[in-house]
There are 2 protein chains.
Amino acid sequence: MLFFTQCFGAVLDLIHLRFQHYKAKRVFSAAGQLVCVVNPTHSLKYAPTRCAAGQTSAEQGVLPPCHHHEAVHDPQLVPCTCPLFSCPWEGHLEVVVSHLRQTHRINILQGAEIVFLATDMHLPAPTDWIIMHSCLGHQFLLVLRKQEKYEGHPQFFATMMLIGTPTQADNFTYRLELNRNQRRLKWEATPRSVLECVDSVISDGDCLVLNTSLAQLFSDNGSLAIGIAITTSKVHNAEDEM
Amino acid sequence: MLFFTQCFGAVLDLIHLRFQHYKAKRVFSAAGQLVCVVNPTHSLKYAPTRCAAGQTSAEQGVLPPCHHHEAVHDPQLVPCTCPLFSCPWEGHLEVVVSHLRQTHRINILQGAEIVFLATDMHLPAPTDWIIMHSCLGHQFLLVLRKQEKYEGHPQFFATMMLIGTPTQADNFTYRLELNRNQRRLKWEATPRSVLECVDSVISDGDCLVLNTSLAQLFSDNGSLAIGIAITTSKVHNAEDEM
């Protein structure tokens with residue numbers, strides 16, 4: 001009996017995912033973009049139990065500054081860049097992608113333009129939606145985070161980081177685009193390097209920021225579709241002065 | 001002596017304005033857009049002294065719902081749409097523009113694409129920057145507001161309203177664009193009618209919203225340049241499906 005209930009649940013999940021995928025394809029079909037359904041992960045790195053006892057209530061939602069390993073023996077080794085877990089791994093930059101895929105099960109997508117479909121936007125903060133994006137010979141980490149910077153007022157923060165050095169990151173421009181209900185919001189910026197830490201980018205607010213009300217206007221049945229495009233900076237610079 | 005001091009002050013103000021105008025022109029010169037320097041006005045409509053005594057501190061920054069005149073004798077008359085003052089004026093929609101110009105000294109600019117240069121972004125909330133924009137045979141009201149939705153955390157809200165009916169407003173799309181420091185943020189939406197009240201649009205968050213940190217990244221020496229463009233909705237609909 002339990003087996004049949006589980007099978008039925010799995011079939012329902014598949015139908016639900018297929019339906020979301022179909023809806024996102026309908027919205028973004030004109031551009032023929034690849035749609036990736038991304039499920040949320042409740043961040044274990046900054047769970048409320050980890051908050052310092054003396055912290056004020058207004059600060060509870062604020063993430064602590066980036067925590068790098070205290071004893072890195074080889075300066076060429078980098079710590080794990082996964083925003084979800086406090087992971088003791090360290091290794092060379094070239095193997096960060098395989099670590100993220102194998103240990104943290106983060107999916108990787110190919111293509112210059114993709115659509116990131118984040119499901120279950122209603123889940124409480126802190127929650128992260130994460131994928132890797134392979135494009136123009138490099139890999140990027142896209143992070144969408146729901147977080148309470150001000151207690152009781154969750155916001156969504158989206159940014160893209162290059163899995164590479166800050167110098168390499170300066171060669172690219174990423175664009176995040178929301179488009180629904182006769183509203184369109186576009187954010188374009190130079191990606192940061194994962195070595196700079198996603199938490200500090202989000203706490204600085206140097207990313208796409210959405211209030212809950214605006215996220216609801218752009219979401220469809222609890223899912224938020226974000227169009228992503230990456231270009232080399234030369235194209236961006238030519239257009240830069242409007 | 002006082003006369004000379006005042007003259008010197010006026011000359012300094014002129015030089016400062018000219019310098020700001022020059023800087024904005026430099027940024028937006030490629031498109032040959034008209035730059036309008038807009039000075040802030042501390043909103044008298046919702047000054048702290050008007051807050052109800054029983055209001056909680058968390059709600060103090062939240063504006064009350066739109067206050068329409070209780071006794072409008074003629075249904076064709078509309079109340080004053082100026083977001084800055086509680087004004088007892090009422091009249092026909094056709095004369096709202098001349099009322100805003102003459103009584104509230106709100107400037108009006110011509111042109112399909114203009115640059116709104118809001119000065120003194122550091123001033124405390126609540127503060128409004130307002131102009132009217134004449135384009136495609138209609139007049140629009142652009143409102144940039146600094147407001148504390150969450151106590152101690154001011155945000156900037158920018159929206160465009162048609163000085164016309166909601167049905168007329170549906171024929172247009174407005175775009176607000178910020179572009180500086182290798183970052184670009186674009187917001188596109190259908191303007192609301194001034195009859196719908198700017199305060200409710202801002203409290204719903206259905207507009208361009210900027211945290212202070214992001215506003216600082218986009219501002220130059222305390223001034224924020226917002227590129228504005230208005231098109232008819234047909235153009236927007238054709239592009240709508242990305």
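Reading the values: rules and limits
- Residues numbered from 1 in each chain as written.
- Chains lettered and ligands numbered in written order.
- Predicted model: local features only at pLDDT ≥ 70, side-chain atom pairs only at ≥ 80, totals over all residues.
- Heavy atoms only, no water.
- Helix = DSSP H or I, 4+ residues; strand = E, 2+ residues; numbered from the N terminus.
- Buried < 20%, exposed > 50% of the residue type's maximum accessible area, 1.4 Å probe, protein only.
- Areas by Shrake-Rupley, 256 points an atom, 1.4 Å probe, with all protein chains shown as cover.
- Pairing = 2+ DSSP bridges.
- Axes fitted to C-alpha atoms, helices over the stretch in contact; angles between N-to-C directions.
- Phe/Tyr/Trp six-rings, centres within 6.5 Å; stacked < 30°, edge-to-face > 60°.
- Core = buried A, V, L, I, M, F, W, Y, C linked by side-chain atoms within 4.5 Å.
- Contact = heavy atoms within 4.5 Å.
- Salt bridge = Lys/Arg side-chain N within 4 Å of Asp/Glu carboxyl O.
- UniProt positions renumbered as here; feature names shortened; annotations may be inferred.

1. Here we look at the overall build of chain A
A count of helices and strands for chain A gives 6 helices and 14 strands. Counting across all 242 residues of chain A, residues that qualify as buried make up 49%. Summed over its atoms, the accessible surface of chain A is roughly 11,800 Å², and 56% of this surface lies on carbon and sulfur atoms.

2. Some points on the sheet that holds strand S6 (residues 113–118) of chain A
Pairing is mixed in the open sheet, where 10 strands are placed in the order S1(A)-S6(A)-S14(A)-S10(A)-S11(A)-S11(B)-S10(B)-S14(B)-S6(B)-S1(B). Each of the sheet's edge strands pairs with one partner strand only, and the pair in question is strand S1 (34–38) of chain A together with strand S1 (34–38) of chain B. This sheet shows a mean twist of 20° between the axes of neighbouring strands, independent of strand direction. Pairing analysis gives 6 bridges linking strand S10 (residues 172–180) of chain A to strand S14 (residues 224–232) of chain A, with the strands arranged antiparallel. For Tyr174 of chain A, the partnering residue across the bridge sits in S14 of chain A and is Ile230 of chain A.

3. Regarding the packing of aromatic side chains
For the structure on display, the rule yields 7 aromatic pairs over all chains. Taking the centre distance of 5.1 Å and the plane angle of 45° together, the rings of Tyr150 of chain A and Tyr150 of chain B count as tilted. Here Tyr150 of chain A, found in strand S8 (residues 138–150), pairs with Tyr150 of chain B, found in strand S8 (residues 138–150), and the two come from separate chains. When the centroid spacing of 6.2 Å and the interplanar angle of 50° are considered together, the rings of Trp129 of chain B and Phe156 of chain B count as tilted. With Trp129 of chain B in strand S7 (residues 127–135) and Phe156 of chain B in strand S9 (residues 153–162), this residue pair connects regions lying 27 residues apart in the sequence. The class of Trp129 of chain B is buried, set by a relative accessible area of 0%.

4. Notes on the nonpolar core
What tends to happen in soluble globular proteins is that the nonpolar side chains get buried as a cluster. With 68 residues, the main nonpolar core has Phe116, Leu144 and Leu185 of chain A together with Phe116, Leu144 and Leu185 of chain B as its most contacted residues. Those residues in contact with Leu185 of chain A, other than ones at most four positions away along the chain, are Leu176, Glu177, Leu178, Leu208, Leu210, Leu214 and Phe218 of chain A together with Leu185, Lys186, Trp187 and Leu208 of chain B.

5. Brief notes about the pattern of salt bridges
The final tally for this structure, using the stated rule, is 16 salt bridges over all chains. Residue Arg180 of chain A is joined to Asp220 of chain A by a salt bridge in which the shortest nitrogen-to-oxygen separation is 3.4 Å. Taken together, the residues Arg180 of chain A in strand S10 and Asp220 of chain A in the loop between helix H5 (212–218) and S14 connect sequence positions 40 residues apart. A residue is classified by how much of its surface remains accessible, and Asp220 of chain A, at 23% relative accessible area, is partly exposed. For the salt bridge of Asp206 of chain B with Arg192 of chain B, the shortest nitrogen-to-oxygen distance reads 2.7 Å. Of this pair, Asp206 of chain B sits in the loop between helix H4 (198–204) and strand S13 (208–211) while Arg192 of chain B sits in strand S12 (residues 192–193), placing them 14 residues apart in sequence.

6. As for the environment of Met160 of chain B
Residue and element names in this part refer to chain B. Topologically, Met160 is positioned in strand S9. Taking the relative accessible area as the measure of exposure, Met160 reaches 0% and is therefore buried. For the pair formed by Met160 and Ser233, sequence separation is 73 residues and the distance between their alpha carbons is 15 Å. Apart from the residues within four sequence positions on either side, Met160 is in contact with His133, Phe140, Leu141, Leu142, Tyr174, Pro191, Arg192, Ile228 and Ile230.

7. Here's the deal with the UniProt feature "domain: Seven-in-absentia protein TRAF-like" (unreviewed entry) in chain A
According to UniProt, the positions carrying the feature "domain: Seven-in-absentia protein TRAF-like" (unreviewed entry) are residues 134–228 of chain A. As a span, residues 134–228 of chain A carries 19% helix and 55% strand, and end to end its C-alpha atoms are 12 Å apart.

8. Regarding unusual backbone geometry
The omega angle of the peptide bond from Ala125 of chain A to Pro126 of chain A is 0°, so this bond is cis rather than trans. Unusually for a residue other than glycine, Asp120 of chain B sits at a positive phi of about 55°. If you trace the backbone, Asp120 of chain B turns up in the loop between strand S6 (113–118) and S7. Of note, Asn221 of chain B is a non-glycine position whose phi angle comes to about 55°, a positive value. Mapped onto the elements, Asn221 of chain B comes out in the loop between helix H5 (212–218) and strand S14 (224–232). By relative accessible area, Asn221 of chain B is classed as exposed at 62%.

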